[in-house]
Amino acid sequence: MAGPPCAELHLHIEGTLEPELIFDLAERNGISLPYSDLDELRARYEFTDLQSFLDLYYRNMDVLRTEADFADMTRAYLRRAAAAGVRHSEIMMDPQAHLARGVALETCVNGVASALADSESEFGISTGLIAAFLRDRPAEEALEVLEQLLDMEAPIIGIGLDSAEVGHPPSGFVDLYERARAAGLRRIAHAGEEGPPGYITEALDLLGAERIDHGIRCMEDDALVQRLAAEQVPLTVCPLSNVRLRAVDTLKDHPLPAMLARGLNVCVNSDDPAYFGGYVDENFAQLGRTFTFTADDLARLAVNSVRSAFIGAERRSALLAEVDSWRSAQG
Ligand code: HPA
Ligand SMILES: [Zn+2]
C-alpha cells in the first residue's frame, strides 16, 4: 500500500541534503570534503543520539554557499516529497547555522524561498517556510536574527526551536516567542524528543507553541497526555528519526500506536530524511509493516497532518478530500 497523501509538518530543509548532492555542491563550490567518496560519507550515518547527528548535519551544510545551492536542495526535496505523497509542506530552515559560517541571511532565505515560490505549479505542493532557532545558542542572538528576518520581510509563516534539546529548555526563549507572536507569526517548538515532558509544558505555557515537534516523551506523564489529548495539540512525530537517534530502541518500541490509542493528535513526518533512512512514504511503509496499521489508521494520521497545518479552509478541504479518496481506493 502506497502511503496516503498528507501534509508534512516537521521537516528541516538542511536535513534533506542527500550525500550525492553534498558531493555535487562541494565540487561546484571548490570545497574539499573530509570524505573520499559517497560510501565513506554514508558510513558516518550511524548515530548514538541527537548530538552525534547534529555534528554531521552542521558539518555537511558547509557545502551550501549560494542561493542556487539552497534552491537546488529545496527543489530536490520537493520533487522527492511529491513522490512520497506530500501535498503540503511546512519547511524549517536554520538561519543561524548559516550566519555562523558566514553565509548571509538573504542567501539562504532567498534561495529556499525561490524554490518554494514555484512549488505548487512545479510539484503540486503548497508550502510554508518556518525559521527555526538554535536553542543551544544564545537567545539574544535568536532575537536579533528574528528582527533581521522581519526587517527584510522574509516570507516566513512562523518560528521554531531546534538543535540540542537537553539543558536548553523553552523557558530561555520567552522573549523570542513573544516577539514572533506580536509580529503575527505562528509558533512551534521541538520538545520532548530527548528532553523531559516538562519541556513540552513549557513550550505550550511559556512560548505559546501551537504545535509540538516530536513530543514523544509526553507518554511519561499521564496528566500531560490527558491535557494534550483534550486540547488536541498537534504532535509532529518522526518515527524513523526517533529510531536512528536512539530515542527508541527499534520501531516496534515506538510509542506512536499508544499515542493514537490515547487520542493524541499525532501525524507522521520525516524530520531529516537524508539522514534517517527515508521520506514520509518510507515512514508510513515501515509503520504499516511494523504495527499492521490499517488504511483507516494511515488515513487518520494523514487527516491529523492536514488538520494541524497552517493553511486556509479551502486548501484544507481539498487535502481532506484527497485523503478521503485515497482511503476509498484502498477498499
Ligand atoms: O531532529 C532534530 N532535533 C533537533 N534539532 C534538529 N535539527 C535538525 N534536526 C533536528
Ligand atoms: Zn526536527
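Predicted, not measured: the structure shown is a model, and the values here were computed from it.

Q: Hey, could you go over the nonpolar core for me, with residue numbers and the actual values?
A: Within the largest apolar cluster, 98 residues are counted, with the highest numbers of intra-cluster contacts made by M93, V112, I130 and A203. When residues no more than four places from it in sequence are discounted, the contact partners of I130 are E90, I91, M92, I156, I157, G158, I159, G160 and I188.

Q: Explain the confidence of the model for the protein residue by residue, including any values.
A: Confidence in the prediction of the protein, expressed as mean pLDDT, is 98, and 100% of residues score 70 or more. Reported confidence for the predicted complex is 0.96 by ipTM and 0.98 by pTM.

Q: So what's going on with the UniProt feature "binding site: Zn(2+)" (unreviewed entry) in the protein? Residues and values would help.
A: Under the UniProt annotation, the feature "binding site: Zn(2+)" (unreviewed entry) is placed at H10, H12, H190 and D271. Taking the farthest pair of C-alpha atoms as the criterion, the annotated set spanning 262 residues converges on one region, since that pair is 11.7 Å apart. Tracing the backbone shows H10 in strand β1 (residues 6-12). On the basis of neighbour count, H10 is assigned to the buried category, with 31 C-beta atoms found within 10 Å. Those residues in contact with H10, other than ones at most four positions away along the chain, are D213, T236, C238, N269 and D271. You can see H190 is positioned in strand β5 (residues 186-191).

Q: I'd like a rundown of the pairing of strand β4 (residues 158-162), residues and numbers included.
A: Burial of β4 is extensive: five of the five residues sit out of reach of the surface. What you see with β4 is no split at all: G158, G160 and D162 on one side and I159 and L161 on the other are buried throughout. As judged from the five bridges shared by strand β3 (residues 126-134) and β4, these two strands associate in the parallel manner. Within β4, the residue paired with F133 across the bridge is L161.

Q: I'd love a proper account of the site of ligand 1, names of residues and values included.
A: In the vicinity of ligand 1, the contacting residues are H12, G15, L50, Y57, D162, S163, H190, E193, S241, D271 and D272. Looking at side-chain class alone, the shell around ligand 1 contains two nonpolar, five polar and four charged residues.

Q: Describe the packing of helix α8 (residues 139-151) against helix α9 (residues 174-182), listing the residues and the values that go with them.
A: Two quantities define a packed helix pair, namely the angle between the helix axes and the distance between the axes. Contact pair α8 / α9: the axes reach a minimum separation of 9 Å and the direction vectors enclose 15°. As judged from the angle between their axes, α8 and α9 are roughly parallel. Regarding α8 and α9, the two cross each other, and that crossing is left-handed. Residues A139, A142, L143 and L146 of α8 form the contact with α9, whose participating residues are D175, L176, R179 and A180. Taken together, the residues of the contact of α8 with α9 break down into six nonpolar, no polar and two charged.

Q: So what about the UniProt feature "binding site: substrate" (unreviewed entry) in the protein? Which residues, and what values?
A: UniProt feature "binding site: substrate" (unreviewed entry): in the numbering of this structure it lies at D272. With sequence-adjacent residues up to four places away left out, D272 is seen in contact with H12, G15, Y57 and S241.

What counts and how
- Residues numbered from 1 in each chain as written.
- Chains lettered and ligands numbered in written order.
- Predicted model: local features only at pLDDT ≥ 70, side-chain atom pairs only at ≥ 80, totals over all residues.
- Core = buried A, V, L, I, M, F, W, Y, C linked by C-beta atoms within 7 Å.
- Buried ≥ 20, exposed ≤ 12 C-beta atoms within 10 Å, placed from the backbone.
- Contact = placed C-beta atoms within 7 Å.
- pLDDT = per-residue confidence, 0-100.
- UniProt positions renumbered as here; feature names shortened; annotations may be inferred.
- Helix = DSSP H or I, 4+ residues; strand = E, 2+ residues; numbered from the N terminus.
- Pairing = 2+ DSSP bridges.
- Near = placed C-beta within 6 Å.
- Nonpolar A, V, L, I, M, F, W, Y, C, P; charged D, E, K, R; others polar.
- Axes fitted to C-alpha atoms, helices over the stretch in contact; angles between N-to-C directions.
- Parallel < 35°, antiparallel > 145°, perpendicular 65-115°, else oblique.
- Left-handed = near helix turned anticlockwise from the far one by under 90°.

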